[in-house]
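Per-entry structural report
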Amino acid sequence: MLSIHELSYRYPGASGPALDRVSLTVPAGRIFGLLGPNGAGKTSLIGILAGLRSPGGGSLAWSGGARPRVALVPQEYAFYPSLSCRENLEFFADVQGVPQALRARRLELAMAFAGLEKVWAQRAGQYSGGLKRRLNLAIGLLADPDFLLLDEPTVGVDPQSRSFILEAIKALPAEGKTVLYTSHYMEEVQYLCESLAILDQGRVLAQGRLDALLASGDGSLGLRIPGAKEQAARAALAGAGVPVLARESGAQDLEALFMRLTHRSLRD
Amino acid sequence: MHRLFALWRKEILALSRDWHGLLVLFAMPTVFILIMSLALKNAFGPGQAPRFDYLALDRDGTGESAALLAGLAEAENYRRLDFAGDEPALRTRLARGEASFGLVLAPGLGRAVADSEAEPRGLVEILAEPGANAQALALLRAEVQARLGRLRLKALLTEAGQEDLEPARLDALMARAAVSTRYLPGAGGAAPTSVQQSVPAWLVFSMFFVVIPISTLFLTERTQGTLARLKTMGLPAWQLFLGKFGPFFLINQVQAVLMGLVGVYLVPRLGGDALRLGESWAALGLMTLAVSCAAIAYALLIAVLVKTTEQATTLGGLSNILFGALGGIMVPKFVMPEFMQELTALSPMAWGLDGYLKVFLRGGDAFSVLPQAGALLGFALAAGALAVLVYRFKGVEA
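Residues numbered from 1 in each chain as written. Chains lettered and ligands numbered in written order. Predicted model: local features only at pLDDT ≥ 70, side-chain atom pairs only at ≥ 80, totals over all residues. Heavy atoms only, no water.

Attention now moves to the interface of chain A and chain B. At the interface, 28 residues of chain A touch 23 residues of chain B. Carbon and sulfur atoms make up 57% of the surface buried where chain A meets chain B, a total of about 2,300 Å² over both sides. It is Leu52(A), Tyr80(A) and Val95(A) that lose the most area in chain A upon contact with chain B, and together they represent 27% of the buried surface on that side. Run the count over chain A and chain B and you get two salt bridges. One salt bridge in this structure joins Arg9(B) and Glu90(A), with 3.3 Å as the shortest N-O distance. Remark: the boundary between chain A and chain B carries eleven residue pairs in polar contact (both at pLDDT 80 or more). Looking at the side of chain A that touches chain B, the elements that each hand over two or more residues are strand 5 (70-73), helix 2 (85-95) and helix 4 (129-141) of chain A. Tallying contributions element by element places helix 2 of chain A first for the side of chain A that touches chain B, with six residues. (Contact = heavy atoms within 4.5 Å. Buried area = accessible area lost by both parts, 1.4 Å probe. Salt bridge = Lys/Arg side-chain N within 4 Å of Asp/Glu carboxyl O. Polar contact = N/O pair within 3.5 Å; in protein donor to acceptor, adjacent residues only side chain to side chain. Helix = DSSP H or I, 4+ residues; strand = E, 2+ residues; numbered from the N terminus.)

Turning our eyes to something else, we now look at the pairing of strand 1 (residues 2-9) of chain A. Residues and elements named next belong to chain A. With five bridges joining them, strand 1 and strand 2 (residues 19-26) adopt antiparallel strand pairing. Residue Tyr9 lies in a different strand from strand 2, and its bridge partner there is Leu19. Where strand 1 lies against strand 4 (residues 57-62), five bridges are found, and the strand directions are antiparallel. Each bridged residue has a counterpart across the sheet, and for His5 the counterpart in strand 4 is Ser59. (Pairing = 2+ DSSP bridges.)

Between the first and last C-alpha of helix 12 (residues 281-305) of chain B there are 36 Å, a value that for 25 residues agrees with the 36 Å anticipated at 1.5 Å per step. Of all 25 residues making up helix 12 of chain B, 19 are buried, and the element is well covered by its neighbours. (Expected span 1.5 Å × (residues − 1). Buried < 20%, exposed > 50% of the residue type's maximum accessible area, 1.4 Å probe, protein only.)

This paragraph deals with the sheet that holds strand 1 of chain A. Residue and element names in this part refer to chain A. Overall, antiparallel pairing links the three strands, which are arranged 2-1-4 in an open sheet. Sheet topology places strand 2 and strand 4 at the edges, where each strand pairs with a single neighbour. When strand polarity is set aside, the average angle formed by the axes of neighbouring strands in this sheet is 15 degrees. Helix 1 (residues 42-50) rests against strand 1, strand 2 and strand 4 of the sheet, and its axis sits at about 120 degrees to strand 1. (Axes fitted to C-alpha atoms, helices over the stretch in contact; angles between N-to-C directions.)

All names here are of chain B. For helix 2 (residues 19-39), spanning 21 residues, the distance from its first C-alpha to its last is 28 Å, which sits close to the expected 30 Å at 1.5 Å a residue. At Ala27, helix 2 is deflected by roughly 30 degrees, the largest bend along its length, and proline Pro29 occurs up to four residues later in sequence. The complete set of buried residues in helix 2 reads Gly21, Leu22, Leu25, Phe26, Met28, Pro29, Thr30, Ile33, Leu34 and Ser37. On the buried face of helix 2, the contacting elements are helix 1 (2-16), helix 8 (194-208), helix 9 (211-223) and helix 11 (237-269). (Bend = angle between axes of the 7 residues up to and from the residue.)

With that out of the way, let us pick up the pattern of salt bridges. Close approach of charged atoms allows side chains of opposite charge to pair. Residue and element names in this part refer to chain B. Taken as a whole and assessed by the stated rule, the structure comprises 26 salt bridges over all chains. The shortest N-O distance in the salt bridge between Arg59 and Glu87 comes to 3.4 Å. Here Arg59 is found in the loop between strand 1 (52-58) and helix 3 (63-72), whereas its partner Glu87 is found in helix 4 (residues 87-95), with 28 residues between them in sequence. Between Glu143 and Arg147 there is a salt bridge whose closest N-O contact spans 3.2 Å. Linking Glu143 with Arg147, this pair stays in helix 6 (residues 134-159), spanning four residues, or about one helical turn.

Below, the discussion takes up the domain arrangement of chain B. Per the domain assignment, the segments making up chain B are domain 1 (2-43 + 189-394) and domain 2 (52-173). Here the C-alpha centre of domain 2 of chain B lies 51 Å away from the C-alpha centre of domain 1 of chain B. (Domains from an automatic or database assignment.)

Right, let's talk about the side chain of Thr232(B) for a bit. Among the structural elements, Thr232(B) can be located in helix 10 (residues 226-232). Overall, the relative accessible area of 17% leaves Thr232(B) in the buried class.

Next up on the list: the pairing of strand 3 (residues 101-105) of chain B. Residues and elements named next belong to chain B. For strand 3, the buried fraction is high: five of the five residues fall into the buried class. Going residue by residue along strand 3, you find Phe101, Leu103 and Leu105 tucked away on one face and Gly102 and Val104 tucked away on the opposite face as well. By the bridge criterion, five bridges tie strand 1 to strand 3 in an arrangement that is parallel. Residue pairing across strands places Leu57 opposite Val104, the latter belonging to strand 3.

Listed below in structure tokens is the structure:
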């Protein structure tokens, strides 16, 4: 488990904080979603967790006390396009000090995880967007990390690759890995994450289990009635002096919650 | 060490697939050496000067003026073209660039030369076309003066009763053999050639051109998030920089060997002079090591300073050209005026070139190039330390 307490960060020369006393709890062995519009502070938070920058205030507490093996899978294609898939994986394995005895097996596992076996000899620069995303992800798994930071890992891929990547990520907790997953795609977070936090302008607007967040409302009461009985229900409510404030069909989804909390305005 | 090998392997693989970068590092200096060695072949050493054409208008028409022109015809580096016309016609042909110089022998030249009491003035006017070589003009003037002096001497001796003097006796009287020239041992006792200047100059220049691949590769790593990823993998700055240093040091050594081979074997096959490598392999090795360290450290500094590949190629390329122009790469230092020669000390390329020239031309040993090698290694340390500081300050993110 990771406990983030009152974490703050301000970029040099910035007028406001990128992170403003952010407190979060990321459960171990789960996929935790981090949602927020552009400029919300997601990448800043990931940068601190990855060790790329030091927080201006607050603290991080990892369960067990020691920092686990953390791997970052950035938004960018962070590998060498002139090298083949295998050469990239070998390089990043060696840089991370993967022991020679384990190296070949780790390479195999990473390639199998990302479905790269058929293109291992091809230069990464010649890959499609989906293959590049999968290689980017595979590199993150080489050192067998405990904690994975996935920053929008499905941007710009076709539906098939996206589905493949999501299935692969969904299987990670079964291997004991904790995943912090950021995305703009609500349905992805809804599909993958048991719990999540919504971040905006450096602050946590909401966090908790997905089902609890979706169930939470704004003080109004939702009733599920058969559609065919709507008129009868309205008449009964009116007779009892109960106004109908809004009408929705179906359940509240994550996107509706997100837009309600972040107030729909453009951020860049 | 395992990490360093991985970094070196990656860099070499990436470089070996970058044909444009390799072309800049190997083909460019080879072409420069060939062109400059052959183009400047005649600008170095005696007996290799180009021939300059001149026209002559003899308005005196005496035996003395004819003897003067006949004497000039013996001059090795000047060739008289056929001309029959007046002075305006001569000026017209000069203006068309048909010849570099025009000699107008004034009426009365013969009488003035023969008269020992006369103080000859304005006997020969040398007209030069606008693009004529100033040194060639000065040499032609000296040649004409010497020939006139010879005629005057002969006239004086005739007046003194010594007629029909042998030309050899006249030469002896004018002490023509009194002065000789000789280059000191160090370059095999021979005169410096254009290839001796071109090879070290363009080798130093090309070694500094690692700035382009180093800075563009580094920027690609930064903008693609690879540097950030490497940092999260625990790669410290010094290892990252050493990871760049190793392969490019190797490339610099290959450049040095290749340019040496071009100078020794290829230039002579194309009609130029062969490069002589001096007498000290240790001195050559020390200079190559020092120039390489300076070039790579400078490239790393540029790489961490710039934000875009456009900035990298502009700042890296332009600063290299500036270093080259200032450092005597494009224009040899010895043809620069004194204050410009002093300015060359500002360019690390000049330190490298001075060191190489000590070995190639003066037979310098490793001890003799210590000042140049020391300056370059000091520059490398300063630039490398500054690069690490800037890298730490700016961070790894784009």
